[in-house]
Amino acid sequence: MNNTKRPDFLSALCILSFIGSGFAFLGYFISSLFFEQVSELIIKYSSWHSTETISPLYFTTLMALYAISLAGAIRIWKFHRDGVLIYSAAQILILLLPVFWVNRQAFSVTNLIFTVVFILGYVLNWRKLG
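Throughout this document, residue positions are counted from 1 along each chain, in the order its sequence is written. Reporting of local features is limited, given that this is a predicted model, to residues whose pLDDT is at least 70; pairs of side-chain atoms are given and counted only at 80 or more, and all residues count toward the totals for whole chains, interfaces and linings. The side-chain quantities take in all heavy atoms of the structure and omit both hydrogens and water.

Undergrad: I'd like a description of the overall build of the chain, backed by residues and values.
TA: Helix and strand counts for the chain stand at five helices and zero strands. Each helix and strand of the chain, ordered N terminal to C terminal, gives the series α-α-α-α-α. Along the first, second and third principal axes, the C-alpha atoms of the chain reach 55 × 25 × 20 Å. In this scheme, a residue with accessible area under 20% of its type's maximum is buried, one over 50% is exposed, and one in between is partly exposed, where area comes from a 1.4 Å probe on protein chains only. The 130 residues of the chain split such that 34% are buried. Partitioning the intrachain contacts of the chain with sequence separation of at least 6 by distance along the chain shows that 71% fall at a separation of at least 24. Accessible surface is estimated by sampling points in the Shrake-Rupley manner with a 1.4 Å probe; for residues, cover comes only from the protein chains shown. Here the chain displays about 8100 Å² of accessible surface, and carbon together with sulfur accounts for 68% of that area. Taken together, the 9 basic and 5 acidic charged side chains of the chain have centroids lying 20 Å from each other. Here a helix means four or more residues in a row that DSSP labels H or I, a strand means two or more in a row labelled E, and each is numbered from the N terminus. Contacts between residues were defined by any pair of non-hydrogen atoms, one from each residue, lying within 4.5 Å. For the charge count, each Lys or Arg is scored as positive and each Asp or Glu as negative, with His and the chain ends excluded. In this description, the location of a charge corresponds to atom NZ of lysine, CZ of arginine, CG of aspartate or CD of glutamate.

Following this line, the structure appears as structure tokens:
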């Protein structure tokens, strides 16, 4: 859209998405590279007693999904509606991957709440996108 001012709410959503997806991408990238050390930290600082259900591929898959999520947010920033669909699909897969890879107890209600809030925020701005 030419000469269209981005609503402040949309700008805030995009910036927060850049921050969240960017840091998550970086974190999962590091986790996949240093899987053994990360596994030790998971066992030491969580209620997990082993990390046999996850692998570097698990972290790499999450890293890729966050990259797709980031790409969707960038498309939204540029006023492209397909960015909402890309972002939403990536976020839903991010929610579901731990459930299918690890088990249903890996589902994060906190992640669900943030995902719903952000997707609804983007959908509310649908008309502003071209």
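Undergrad: Before we move on, can you summarise helix α3 (residues 56-77) with the specific residues and values?
TA: A helix is expected to span 1.5 Å for every residue after the first. Between its first and last C-alpha, α3 extends 31 Å over 22 residues, near the 32 Å set by a 1.5 Å rise per residue. Those residues of α3 not exposed but buried are Tyr58, Phe59, Leu62, Met63, Leu65, Tyr66, Ser69, Gly72, Ala73 and Ile76. Close packing links the buried residues of α3 with α1 (8-33), α2 (35-45), α4 (82-101) and α5 (109-124). A positive phi of about 70° marks Phe79, the residue just after α3.

Undergrad: Before we move on, can you summarise unusual backbone geometry with the specific residues and values?
TA: One non-glycine residue, Phe79, lies in positive phi territory at about 70°. Mapped onto the fold, Phe79 is located in the loop between α3 and α4.

Undergrad: Break down the packing of aromatic side chains for me, citing the residues and quoting the values.
TA: Any Phe, Tyr or Trp ring, taking Trp's six-membered ring, that has another such ring centre within 6.5 Å forms a pair; planes under 30 degrees apart are called stacked, those over 60 apart edge-to-face, and the others tilted. Counted by the stated rule, this structure contains eight aromatic pairs. Aromatic pair Tyr28 and Tyr66: ring centres 5.7 Å apart, planes at 15°, arrangement stacked. In this pair, Tyr28 sits in helix α1 while Tyr66 sits in helix α3, placing the two residues 38 residues apart along the sequence. An aromatic cluster is defined as three or more aromatic residues linked by ring pairs; in this entry it consists of Tyr28, Phe35, Tyr58, Phe59, Tyr66 and Trp101.

Undergrad: Please provide a residue-by-residue account of α5, values included.
TA: A rise of 1.5 Å per residue sets the reference length of α5, with its 16 residues, at 22 Å; its end C-alpha atoms lie 22 Å apart and thus fit the reference within 8%. Among all positions in α5, only Thr115, Phe118, Ile119, Gly121 and Tyr122 are buried. The buried residues of α5 occupy an angular sector of 155° when projected down its axis, which confines them to one face. Turned more than 90 degrees away from the buried face of α5 sit Val109, Thr110 and Leu124, all of them exposed. Contact partners of the buried residues in α5: α1, α3 and α4. Of all possible arcs, the one meant is that of the directions from the helix axis to the C-beta atoms.

Undergrad: Explain the packing of α1 against α3 to me, and be specific about the residues and the numbers.
TA: For helices, the axis comes from a line fit to the C-alpha atoms of the stretch in contact; other axes are also lines fit to C-alpha atoms, and the angle between any two N-to-C directions lies between 0 and 180 degrees. Where α1 contacts α3, the axes come no closer than 8 Å and their chain directions differ by 160°. As judged from the angle between their axes, α1 and α3 are roughly antiparallel. The crossing of α1 and α3 is left-handed. Basically, the charged four are Asp, Glu, Lys and Arg, the nonpolar ten are Ala, Val, Leu, Ile, Met, Phe, Trp, Tyr, Cys and Pro, and anything else, Gly included, counts as polar. Here the residues of the contact of α1 with α3 sort into 19 nonpolar, seven polar and no charged. Angular relationships are summarised with four words: roughly parallel below 35 degrees, roughly antiparallel beyond 145, roughly perpendicular across 65 to 115, and oblique for the angles in between. The crossing is said to be left-handed when, going from far helix to near helix, the turn is anticlockwise and less than a right angle, and right-handed when the turn is clockwise.

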